[in-house]
Amino acid sequence: MLGEPKNTPYDLRFKFLGIAIRIHPGFWAICVFLGFSMGMSTPPTALLVFSLAVFLSLLIHEMGHALAFNRCGIRAHVVLYHFGGLAVPTGMESYFDHASGYTSKQKLFVTAAGPGMQILAALLVIVALRAMGKTDGFLTEHVGIPARLTADPSGTLDNIIMSLSRDDLAWDLRHMDEQMQALFASADANDDQLLSLAEHDTFQTTVDSLSEQFEQTPIPVPSVTAMVIKSEHKNRFIGAELKLLEDADVGDDGLIRISDLQQTLQHQTSFESDLLNKFVYIFVMISLFWAILNLAPVYPLDGGQITRELLVLFNVHNAIPKSLLVSAATGVAIGIWGLGNNQIFLTMMFFMMAYSSYQLLQRFQRGY
Ligand SMILES: [Zn+2]
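Numbering of residues starts from 1 in every chain and runs along the sequence as written. Totals for whole chains, interfaces and linings use every residue, but because this is a predicted model, local features are given only for residues with pLDDT of at least 70 and side-chain atom pairs only at 80 or more, for both listing and counting.

S.K.: For the sheet that holds strand β4 (residues 84-89), give the residues involved together with the corresponding values.
M.R.: Strands are labelled as partners when DSSP assigns at least two bridges between them. Each helix is a run of H or I in the DSSP string that is no shorter than four residues. Each strand is a run of E no shorter than two, and both are numbered from the N terminus. Strand order in the open sheet formed by four strands is β1-β2-β3-β4, with mixed pairing between adjacent strands. Each end of this open sheet is capped by a strand with a single partner; those strands are β1 (12-16) and β4. Ignoring which end each strand starts from, the neighbouring axes of this sheet average 20 degrees apart. Here strand β2 (residues 19-23) pairs with strand β3 (residues 76-81) via three bridges, running parallel. Note that in β3 the partner of Arg22 across the bridge is Val79. The axes used here are C-alpha line fits, helices contributing only the stretch in contact, and every angle between their N-to-C directions lies in the interval 0 to 180 degrees.

S.K.: Could you give an account of the domain arrangement of the chain, with specific residues and numbers?
M.R.: Boundaries between domains were set according to an automatic or database domain assignment. Taken domain by domain, the chain consists of domain 1 (1-134 + 272-295), domain 2 (145-269) and domain 3 (297-368). Look at where the C-alpha atoms of domain 2 and domain 3 centre, and you get two points 53 Å apart.

S.K.: How would you explain helix α13 (residues 344-365) if you had to name every residue and give the values?
M.R.: Each helix should span, by expectation, one fewer than its residue count multiplied by 1.5 Å. The terminal C-alpha atoms of α13, which comprises 22 residues, lie 31 Å apart, in line with the 32 Å expected from a rise of 1.5 Å per residue. Considered for burial, the residues of α13 that qualify are Phe350, Met353, Ala354, Ser357 and Leu360. Projection of α13 onto a plane perpendicular to its axis shows the buried side chains occupying an angular sector of 125 degrees, all on one side. Facing away from the buried side of α13 by more than 90 degrees, the exposed set consists of Ile344, Phe345, Met348, Gln362 and Arg363. We call two residues in contact when the distance between their C-beta atoms, placed using the backbone, is within 7 Å. Contacts from the buried residues of α13 go to α12 (319-340). Two residues or fewer past α13, Gly367 is found with a positive phi of approximately 75 degrees. Exposure criterion: with C-beta atoms placed from backbone coordinates, a residue whose C-beta has 20 or more other C-beta atoms within 10 Å is buried, one with 12 or fewer is exposed, and one in between is partly exposed. The arc under discussion is defined with respect to the helix axis, by the directions toward the C-beta atoms.

S.K.: Break down the nonpolar core for me, with residues and values.
M.R.: Residues enter a nonpolar core if they are buried, belong to Ala, Val, Leu, Ile, Met, Phe, Trp, Tyr or Cys, and are joined to the set through C-beta atoms within 7 Å. Core analysis: the largest hydrophobic core is formed by 45 residues, its most contacted members being Ala53, Leu80, Ile282 and Val284. Aside from chain neighbours lying at most four places away, what touches Ile282 is Phe50 and Ala53. Leu195, Leu244, Ile258 and Leu261 belong to the second-largest nonpolar core, a separate cluster that totals 16 residues.

S.K.: So what about the pairing of β2? Which residues, and what values?
M.R.: As paired elements, β1 and β2 share five bridges and run antiparallel to each other. Bridged to Leu12 within β2 is Ile23. Turn length for the β1-β2 hairpin, with the two strands adjacent in sequence and antiparallel, is two residues, and the turn residue Leu17 shows positive phi of about 50 degrees.

S.K.: Got a sec to walk through the packing of helix α8 (residues 239-248) against helix α9 (residues 258-269)? Specific residues and values, please.
M.R.: Interaxial distance between α8 and α9 falls to 9 Å at its minimum, and their mutual angle equals 115 degrees. Both α8 and α9 take part in a crossing whose hand is right-handed. Packed against α8, whose contacting residues are Leu244, Asp247 and Ala248, the element α9 presents Asp260, Leu261, Thr264, Leu265 and Gln268 at the interface. Among the residues forming the contact of α8 with α9, the class breakdown is four nonpolar, two polar and two charged. We call a crossing left-handed when the near helix sits turned anticlockwise from the far one by less than a right angle, and right-handed when that turn is clockwise. Note that Gly is not counted as nonpolar here; it falls among the polar residues with everything else outside the nonpolar set of Ala, Val, Leu, Ile, Met, Phe, Trp, Tyr, Cys and Pro and the charged set of Asp, Glu, Lys and Arg.

S.K.: Quick rundown of α9? Include the residues and the values.
M.R.: For α9, built from 12 residues, the straight-helix expectation of 16 Å at 1.5 Å per residue is met to within 8% by its first-to-last C-alpha distance of 16 Å. Inspection of α9 places Ile258, Leu261, Thr264, Leu265 and Thr269 among the buried residues, and these make up the whole buried set. All buried residues of α9 project into a common sector of 120 degrees when viewed along the axis, lining one side. In α9, the exposed positions angled more than 90 degrees off the buried face are occupied by Gln266 and His267. Next to the buried residues of α9 lie α5 (156-162), β7 (227-230), α8 and β8 (255-257).

S.K.: Help me get a handle on the packing of helix α1 (residues 25-37) against helix α2 (residues 44-71), residues and values and all.
M.R.: The contact between α1 and α2 brings their axes to 9 Å, and the two run at 125 degrees. In terms of axis orientation, α1 runs oblique to α2. Read as a crossing pair, α1 and α2 show a hand that is right-handed. For the pair formed by α1 and α2, the contact residues are Trp28, Cys31, Val32 and Gly35 on the first element and Leu47, Phe50, Ser51 and Val54 on the second. When grouped by side-chain class, the residues that make up the contact of α1 with α2 number six nonpolar, two polar and no charged. If an angle is under 35 degrees, it is roughly parallel; if it is over 145, roughly antiparallel; if it lies from 65 to 115, roughly perpendicular; otherwise it is oblique.

In structure tokens, the structure reads:
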């Protein structure tokens, strides 16, 4: 499993940093397949950007392994193909046949260098984006990591909203439909044509107390997007928050609309070119996903080899069968997780790896 694929006339070959690189046509096929299945096929240039981002990310991973091999005095070349990538010591049939000849520490270094370089590349891209005040579109929006933890500027609007009180956030009654205007007319206690969140709360309490003996009737809550902030509240802010408020303060009615803030923020934190935004998003996503996936302690992934070498390094009794047992169990666990999360491709991959770990374990126990 996962040996080096045969040469084809359609292989793309070049050298980078002294490492020979071969790209099997199966690699482009899997890029197109993945691009389509992730909805990255329109416009067609998006598919190209997707493939380029995957190519760069996987190349960095394999270059990490290959350069680490070089440092250990072993010549290696890189192959990208339909299962991803391989860094193969030149003259060996596959990476995995290459079991002896160098120390456990060297093997750990070589194995960790792949995912390590890939994570480093993703972090560098994220740091560069932050330096430009841009979002990666992935960590906050897709994974749901709080913006402040990764200094993602897309959290600027949330910061503004969180530091305002329920008196400061309001809906503009003049921009509501007649029905809503009629409903909320009496709720606007200070008659400023603004229904603040605090006034809405009070109104709800009043209605609740009046209708106590009847059914409770919840008052409709208009959307957050329809809210406004008074321009004078700008003075409470500095830095990115102030800049956003100033840029979005377009009307002359002394109000800043949340919808304008959202649009302005989107404009500020992303690049003009949508293809560039896509590239950044895919590169960060694939790099982190691929690196973390490969660190799962499952053979023949990097994580499976790291587990084995760590057990060997710490002189754990029966290190290899133990690492195979961990591999089979983790493979099954991730496969089941994939089943529950509709990740059929992932499930198939991990069940296959779990089964081959189990077979290896049996062979090992029979003494090959
Ligand atoms: Zn690797």
